[in-house]
Structures are given as structure tokens and as C-alpha cells.
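# Architecture at a glance
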Amino acid sequence: MDRITLDNTMLRIARGDEDAFEELYNHTKNGLYSFILSICGDHHMAEDVMQSTYIRIRLSAKMYKAGSNTLAWIYTIAKNMTYNELNKRKREISLDFDERGGNIGGHYTIDDSMSSPLLNIIKTELNQVEAQIITLHLISGFKHREIAEMLEKPLGSVLWTYKNALNKIKSRYKEEDL
């Protein structure tokens, strides 16, 4: 879906078009999930935040400004909601510990059920910002300029971080001979 189509889809959602919301969801769900997961590192939390994000999009659609970068708007909502949830979980006291030691939000851990060589490298070799940039660019297909806007970082920093993260991934792949 191109920018103009996404913009028109948001305007249709603002008018209450159910089909438009479904189109938006189907187009953005994989990338948005990956982005949220790259921030929180927890599969279950990512699903919860993703659901909350789509509810917020639905409720805020009337405030969307035509001609804006729709994806940047959506990802900004998702980023803010994820950080809010992480902060909320930091303040909670959990008496229900899981088998891995009761990790609570704020740490970058990827759910063990979602294992692949690339995810293992992201989990062990990259910091949170590097993981976000790699995820946004490689999985979600954002341009570096758009990533810089979303993360509120200079474009040069995003490019430098992306290059370093790729080098870490490449060297790890070579070490493991994958």
C-alpha cells in the first residue's frame, strides 16, 4: 500500500468505514508487531500492546491529519503505548513468576518460543535501539529517514547504528557458519 492509499484509508476509517480499518490492519499487522516486539521483547506483551494500538488508532482516526505520514503516525502511537506499558509494568509487583525467572518488562528479551538464528542474534548481539532499527528497516520496510523521525534521532545516527548492527549480525553469521 503506498502513502496516498494509506492516507485515504485513514480518512475512510475516520468516517467509520469498517473495511478500511480491516485493510489497514492487514497491511500493517506484521511490521507493527515486529516493531513492538523489538521494543518490549515479550511476545505476550507485544500482542497486548498491538491490540491497544489498533484500538487507539480507531479512536484517534478523527484527529489524523490528511497528508501526514500514516505509518509514522501509527508507529509513533505504538512506540508510546509500548513505553507506557513498560513503565506501568516496572511499577507493578508480580507474585507470579514464570519458569525463566519472572522477567518483568524493561529488559530486552525475546520469547523463547519465537526462535530463529536471526532472532537469536538480535537477542544476544544487539541492543534495543539496534534491534528496533533493524526491525523497522528489514522487516517493516521503512526508509532510514522515516525511522529517524519515529525514533526521534538524527538520520546520521540511525544510519550509523544500522550499519553497525548489520556488521554485528554478519560477523555472528560468519562465526556460526549459518
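Refer to the preceding data block for the structure.
First things first, this report covers the structure right here in the doc. (Residues numbered from 1 in each chain as written. Predicted model: local features only at pLDDT ≥ 70, side-chain atom pairs only at ≥ 80, totals over all residues. Heavy atoms only, no water.)

Moving on, we get to the overall build of the protein chain. Across its full length, the protein chain carries eight helices and zero strands. Its helices and strands taken in sequence order, the protein chain reads α-α-α-α-α-α-α-α from the N to the C terminus. Burial analysis of the protein chain (178 residues in total) assigns 41% to the buried set. Long-range pairs, those at least 24 residues apart, make up 64% of the contacts in the protein chain between residues at least 6 apart in sequence. (Helix = DSSP H or I, 4+ residues; strand = E, 2+ residues; numbered from the N terminus. Buried < 20%, exposed > 50% of the residue type's maximum accessible area, 1.4 Å probe, protein only. Contact = heavy atoms within 4.5 Å.)

A word on the nonpolar core. Leu-32, Ile-36 and Tyr-75 are the most contacted members of the largest nonpolar core, which totals 45 residues. No other element matches helix H2 (residues 18-40), which puts ten residues into this core. Those residues in contact with Tyr-75 that sit more than four places away from it in its chain are Thr-28, Gly-31, Leu-32, Phe-35, Leu-136, Ser-140, Phe-142 and Met-150. (Core = buried A, V, L, I, M, F, W, Y, C linked by side-chain atoms within 4.5 Å.)

Scanning the model with the defined rule gives five aromatic pairs in all. Where Phe-21 meets Tyr-54, the ring centres are 6.2 Å apart and the plane angle is 90 degrees; that geometry is what we call edge-to-face. Note that Phe-21 is positioned in helix H2 and Tyr-54 in helix H3 (residues 43-60), a separation of 33 residues in sequence. Like Tyr-54, Phe-21 is buried. With a centroid separation of 4.5 Å and 80 degrees between ring planes, the pair formed by Tyr-75 and Phe-142 is classed as edge-to-face. Placement of the pair is Tyr-75 in helix H4 (residues 70-91) and Phe-142 in the loop between helix H6 (128-139) and helix H7 (144-151), with a sequence separation of 67 residues. The buried category is assigned to Tyr-75, whose relative accessible area is 3%. Joined through ring pairs, the aromatic side chains of Phe-21, Tyr-25 and Tyr-54 make up one cluster. Between Arg-58 and the ring centre of Phe-21, over which it is positioned, the NZ or CZ distance is 4.3 Å. (Phe/Tyr/Trp six-rings, centres within 6.5 Å; stacked < 30°, edge-to-face > 60°. Lys NZ or Arg CZ within 6 Å of the ring centre and 35° of its normal.)

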